[in-house]
Amino acid sequence: MSAVTDRLPAFPWDKLEPYKKTAAAHPGGIVDLSVGTPVDPVPELIRKALIDAADSPGYPTVWGTPALRDAITGWLERRLGAREVTHRHVLPVVGSKELVAWLPTQLGLGPGDKVAFPRLAYPTYEVGARLARAEHVAYDDPTELDPEGLKLLWLNSPSNPTGKVLGKDELTRIVAWAREHGVLVFSDECYIELGWEADPVSVLHPDVNGGSYDGIVSVHSLSKRSNLAGYRAAFLAGDPAVLGPLLEIRKHGGMMTPAPTQAAVVAALGDDSHVREQRERYAARRAALREALTGHGFRIEHSEASLYLWATRDESCWDTVAHLAGLGILVAPGDFYGPAGDRFVRVALTATDERIRAAVERL
């Protein structure tokens, strides 16, 4: 086993434990804004769909039910402006983190192949490359990368951790460059319905891809938009020439979304009202936290979308973590997402209204 674990970096969240203890000792209790895990209830119509499908004694299929695929294709066209999406263009996955971690391996990448991801990024992109024994490289502008040996290019808009959004023109330029050099693009769009000061665009939009899905796949999750992190519900959409082989590999691996979860996803993707209600909750929390942080001497950069505020006091991120822990507030240090984040902290909006008010009062 050590041959595998030795390839991985130290699990970053373990380093936060001492600060969590400090924050938890605050007389008013901890306000945990470190991990972006939903805290609001699962909408009733989704829970009902899950319960109605609870009597599912047989094995589910990896590709999902026809109803699930219909729900995904319908949502892609209705919400993202995708065109001519068929069942061949979609693939359910067991939560997006599983997909990110094992994608390079499932694509058959290995030594000599390169996986690229943003300079500030979700750590699992690197983990996936390491598990496959592929090389990994971080970028500021992907079109400045050496395309030699580059097999997988991760985009992430809206970004975790920064909330930065790639505009339509920028996405179009990157997709064209990747196609010119034969580089497969996977676009992590898990926060696409959570734009605040920008309107995120998908690589599936015809204005970006020219009406073709060749060489592009987008990744979507219901964890944030529908509070379904505990359901492990996500899906891919894009090039059938990529998704078809992935489907076969995942069949062999038994990577099946549970049947009750599939039914819940059908309900979730068919209803936009609960997403609007959840957005309103996050918008109010975001406004309150942002004002409190800036009043406390923080500067907020990017953060035009997603569920985080990317904040700095122009000091070591760990000094900031310690300062806020003394106020009973736990945040994520920016260097979890790459060395370029070493003077920032990521502040999640995923806490109850009561806990957000507590944080605001302390700040």
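Refer to the preceding data block for the structure.
The following paragraphs examine the structure supplied in this document. Fair warning: this is a prediction, and the values are worked out from it, not measured in the lab.

1. Brief notes about the side chain of Arg286
- Position of Arg286 relative to the elements: it lies in helix H11 (residues 273-295).
- Within the structure, the side chain of Arg286 is placed 2.8 Å from the backbone oxygen of Ser303, a separation counted as a polar contact.
- Once residues lying within four places of it in the same chain are set aside, the contact partners of Arg286 are Trp196, Glu197, Ser303, Glu304, Leu309 and Leu349.

2. A look at the sheet that holds strand E9 (residues 299-301)
- One open sheet accounts for four strands, arranged E9-E10-E13-E12; its pairing is antiparallel. Because the sheet does not close on itself, it has two edges, and the strands there are E9 and strand E12 (332-333).
- Where E9 meets strand E10 (residues 308-312), three bridges bridge the pair, whose relative direction is antiparallel. By the bridge assignment, Arg299 is partnered in E10 with Thr312.
- The strands touched by H11 within the sheet are E9, E10 and strand E13 (345-348), with E10 carrying the most contacts at an inclination of about 5°.

3. Details of the sheet that holds strand E8 (residues 234-238)
- What the seven strands build is an open sheet, ordered E2-E8-E7-E6-E5-E3-E4; its pairing is mixed. Looking along the sheet, the strands with just one partner apiece sit at the ends: strand E2 (90-93) and strand E4 (135-139). Taking the axes of each pair of neighbouring strands and ignoring which way they run, one obtains an average angle of 20° across the sheet.
- Together, E2, strand E7 (216-221) and E8 form the strand contacts of helix H4 (residues 66-80), whose direction differs from that of E2 by roughly 110°.

4. With respect to the pattern of salt bridges
- Considering all chains together, one arrives at 21 salt bridges under this definition.
- Glu193 is paired through a salt bridge with Arg225; the nearest N and O atoms lie 2.7 Å apart. Remark: Arg225 occurs in the loop between E7 and E8 and Glu193 occurs in the loop between strand E6 (184-188) and helix H8 (206-209); sequence separation between them is 32 residues.
- Given a relative accessible area of 9%, Glu193 falls into the buried group.
- Linking Glu248 and Lys251 is a salt bridge whose minimum nitrogen-to-oxygen distance equals 3.4 Å. Here the residue Glu248 and the residue Lys251 both occupy positions in helix H9 (residues 240-253), the gap between them amounting to three residues, near one helical turn.
- Residue classification places Glu248 among the partly exposed positions, given a relative accessible area of 39%.

Criteria and cut-off values
- One numbering rule holds for all chains: residues counted from 1, following each sequence as written.
- Residue-level local features of this predicted model are given only where pLDDT is at least 70; pairs of side-chain atoms are given and counted only at 80 or more, and the full residue set underlies all totals for whole chains, interfaces and linings.
- Side-chain measures here rest on the full set of heavy atoms in the structure, leaving out hydrogens and waters.
- Helix and strand labels come from DSSP, where a helix needs a run of H or I of at least four residues and a strand needs a run of E of at least two; each type is numbered from the N terminus.
- Pairing of N or O atoms within 3.5 Å defines a polar contact, subject to two protein rules: one partner must be a possible hydrogen donor and the other a possible acceptor, and residues neighboring in sequence count only if both atoms are side-chain atoms.
- Contacts were defined at the residue level, with two residues in contact if any of their heavy atoms lie within 4.5 Å.
- If DSSP finds at least two bridges between two strands, the strands pair.
- Only the contacting stretch of a helix is used when fitting its axis, a line to C-alpha atoms as for every element, and angles between N-to-C directions run 0 to 180 degrees.
- We define a salt bridge as a contact between a side-chain nitrogen of Lys or Arg and a carboxyl oxygen of Asp or Glu at a distance within 4 Å.
- Buried residues are those whose accessible area, probed at 1.4 Å on protein chains only, stays under 20% of the maximum for their type, while exposed residues exceed 50% and partly exposed ones sit between those limits.

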